[in-house]
Amino acid sequence: MTPQNATAPKTAQKTAQKAARKTTRKTGLTTAGQTTTGQTTAPDGDTTRRDEEIIRTHLDRLRLDLVVAARITKVHREWARPLQPDPFSRLYLILEGEGRLVVRDQELYPESGDLCYLPAEVPVSYEAISDNTFRKHWLHFSALIGERDIGEVLTLPYIVRSKAPEEAAALFEQVGAADRDPPGLATPLRLRSALTALFAHYLDSAPPGSVRLSPQQTTESGIVQYIQQNLATLLSVEELAAEFGYDLAGFMRHFRTEFGLSPKQYIKRAKIEWAQRELAATSRPMEEIAAAVGMDQSYFSKVFRQVSSVTPSEYRRMYRPHS
């Protein structure tokens, strides 16, 4: 056999491997709740808005803490580990090179400019696949919503293309710089602020619809839908508890655990947030907006100011100055 013929099968094998990596990389945009082809049932507009309301409520309670400081590393050829979970999450920014990640049963091949989120308490493995190994920014962190890891509440994509890789790299550097600051009263605040900005960049880079409620959040979605559909009524906590099969005390505990607010606080905020959107986007009369959330205009103005720190008229002038 000639040397040319001897290398042909290897060349074909490498071509097939590259094609497989390109195909598999697309599934990196999927999340644990999707099929390996990334196909999902398209939600209707009401479902999307309702779920987004819940997701924003959860993210408002998100607490991020650094476990291992941000670093930049060129991994060695033997970089590898078997499939196993960790008690912390990982975030990478791939700068160059190639390698394989496995999250649960998904095999992923991130590329330069990709952000990789590897969740806590989920089996993860990785390995180098050639001499052209990864050079990457990386850090380990915890992400809690209340007392639960973010992965128990939200389903997040494992790989996203950074909307601005240079910005992402700078944010990694800021986390590392904040961690190296001499200990002081404000050091934890600076560190958490830098880490939050980096995680926000990851979320902003995620494709639309790829950040979703985890499957176990269906009850919470139903509660929010019921509240949104009854903004014009004097909705009682007792009615909500009965609607979803809870006794009053159990519902109060469940609601505060899931949303970080009492039901009354959440309902008040939902009414005012709806009114804010109407004030900013429409020219509907104030008394009509008040009636739509079940309040007379005087009480509406009082509650609006409690929540927003400005009156409805002031709020509208801020967002519709020429109305």
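Residues numbered from 1 in each chain as written. Predicted model: local features only at pLDDT ≥ 70, side-chain atom pairs only at ≥ 80, totals over all residues. Heavy atoms only, no water.

A. The arrangement of the packing of helix H8 (residues 248-259) against helix H9 (residues 263-281) in detail. Where H8 contacts H9, the two axes come as close as 9 Å, and the packing angle between them is 55°. Judged by the inter-axis angle, H8 sits oblique to H9. Contact residues: Phe251, Met252, Phe255, Arg256 and Phe259 in H8; Pro263, Gln265 and Tyr266 in H9. The class makeup of the residues in the contact of H8 with H9 is 6 nonpolar, 1 polar and 1 charged. (Axes fitted to C-alpha atoms, helices over the stretch in contact; angles between N-to-C directions. Helix = DSSP H or I, 4+ residues; strand = E, 2+ residues; numbered from the N terminus. Parallel < 35°, antiparallel > 145°, perpendicular 65-115°, else oblique. Contact = heavy atoms within 4.5 Å. Nonpolar A, V, L, I, M, F, W, Y, C, P; charged D, E, K, R; others polar.)

B. Expanded view of H9. Spanning 19 residues, H9 covers 27 Å between terminal C-alpha atoms, matching the ideal 27 Å at 1.5 Å per step. Residues of H9 that are buried include every one of Pro263, Tyr266, Ile267, Ala270, Lys271, Ile272, Trp274, Ala275, Gln276, Glu278 and Leu279, and no others. (Expected span 1.5 Å × (residues − 1). Buried < 20%, exposed > 50% of the residue type's maximum accessible area, 1.4 Å probe, protein only.)

C. Up close: the pattern of salt bridges. Taken as a whole and assessed by the stated rule, the structure comprises 19 salt bridges. Here arginine 100 makes a salt bridge to glutamate 127, at a shortest N to O gap of 2.2 Å. Taken as a pair, arginine 100 in strand S4 (residues 99-103) and glutamate 127 in strand S7 (residues 124-128) lie far apart in primary sequence, 27 residues in all. Arginine 284 is the salt-bridge partner of glutamate 278, the closest N and O atoms lying 3.0 Å from each other. Residue classification places glutamate 278 among the buried positions, given a relative accessible area of 17%. (Salt bridge = Lys/Arg side-chain N within 4 Å of Asp/Glu carboxyl O.)

D. Geometry of the side chain of histidine 201. Secondary-structure assignment places histidine 201 in helix H5 (residues 187-205). Look at histidine 201 and you get buried, because its relative accessible area is 2%. Setting aside its immediate chain neighbours within four residues, histidine 201 contacts Leu115, Ser162, Lys163, Ala164, Glu167, Ala168 and Leu171.

E. Looking closely at helix H12 (residues 312-319). Within H12 the residues assigned to the buried category are Pro312, Tyr315 and Arg316. Looking straight down H12, one finds that the buried residues subtend no more than 95° of arc, so they occupy a single side. Of the residues in H12, the exposed ones pointing more than 90 degrees away from the buried face are Arg317 and Met318. Each element contacted by the buried residues of H12 is listed here: H9, helix H10 (286-292) and helix H11 (297-308). (Arc of directions from axis to C-beta.)

F. Seen up close, the packing of aromatic side chains. Evaluation of the coordinates by the stated rule reveals 14 aromatic pairs. Both rings, one in phenylalanine 304 and one in tyrosine 315, keep their centres 5.5 Å apart while their planes meet at 75°; by these two values the pair is edge-to-face. Here phenylalanine 304, found in helix H11, pairs with tyrosine 315, found in helix H12; they are 11 residues apart in sequence, far enough to count as distant. Take phenylalanine 304: its relative accessible area is 0%, and that puts it in the buried class. In this structure an aromatic cluster arises from ring pairing among Tyr246, Phe251, Phe255, Phe259 and Tyr266. Positioned over the ring face of tyrosine 92 is lysine 136, at 3.9 Å from the centre of the ring. (Phe/Tyr/Trp six-rings, centres within 6.5 Å; stacked < 30°, edge-to-face > 60°. Lys NZ or Arg CZ within 6 Å of the ring centre and 35° of its normal.)

G. Molecular detail of the environment of alanine 69. Mapped onto the fold, alanine 69 is located in strand S1 (residues 62-74). Given a relative accessible area of 18%, alanine 69 falls into the buried group. Considered as a pair, alanine 69 and aspartate 179 are 110 residues apart in the sequence and their alpha carbons are 6.5 Å apart.

H. Spotlight on the nonpolar core. Membership of the largest hydrophobic core comes to 63 residues, with the highest contact counts inside it found for Leu139, Phe141, Ile227 and Phe300. Among the elements that take part in this core, H9 stands out by supplying 7 residues, more than any other. (Core = buried A, V, L, I, M, F, W, Y, C linked by side-chain atoms within 4.5 Å.)

I. Representation of the pairing of strand S3 (residues 89-96) within the structure. With respect to burial, S3 is a largely interior element, 6 of its 8 residues being buried. Of the strand pairs in this sheet, S3 and strand S8 (residues 135-145) are connected by 7 bridges, and their pairing is antiparallel. Each residue of the ladder has a partner; that of arginine 90, found in S8, is histidine 140. Bridge count for S3 against strand S6 (residues 114-118) is 4 bridges, and the pairing is antiparallel. Bridge pairing in S6 links leucine 93 to leucine 115. (Pairing = 2+ DSSP bridges.)

J. Molecular detail of the packing of helix H4 (residues 165-180) against H5. Where H4 contacts H5, the two axes come as close as 9 Å, and the packing angle between them is 160°. In terms of orientation, H4 and H5 fall into the roughly antiparallel class. Like other packed secondary-structure pairs, H4 and H5 cross with a definite hand, here left-handed. Taking contact as the criterion, the partners of Glu167, Ala168, Leu171, Phe172, Gln174, Val175, Ala178 and Asp179 in H4 are, on H5, Thr187, Arg190, Leu191, Ala194, Leu195, Ala197, Leu198 and His201. Across the contact of H4 with H5, the residue classes tally to 10 nonpolar, 3 polar and 3 charged. (Left-handed = near helix turned anticlockwise from the far one by under 90°.)

None of this, on its own, says anything about what the molecule does.
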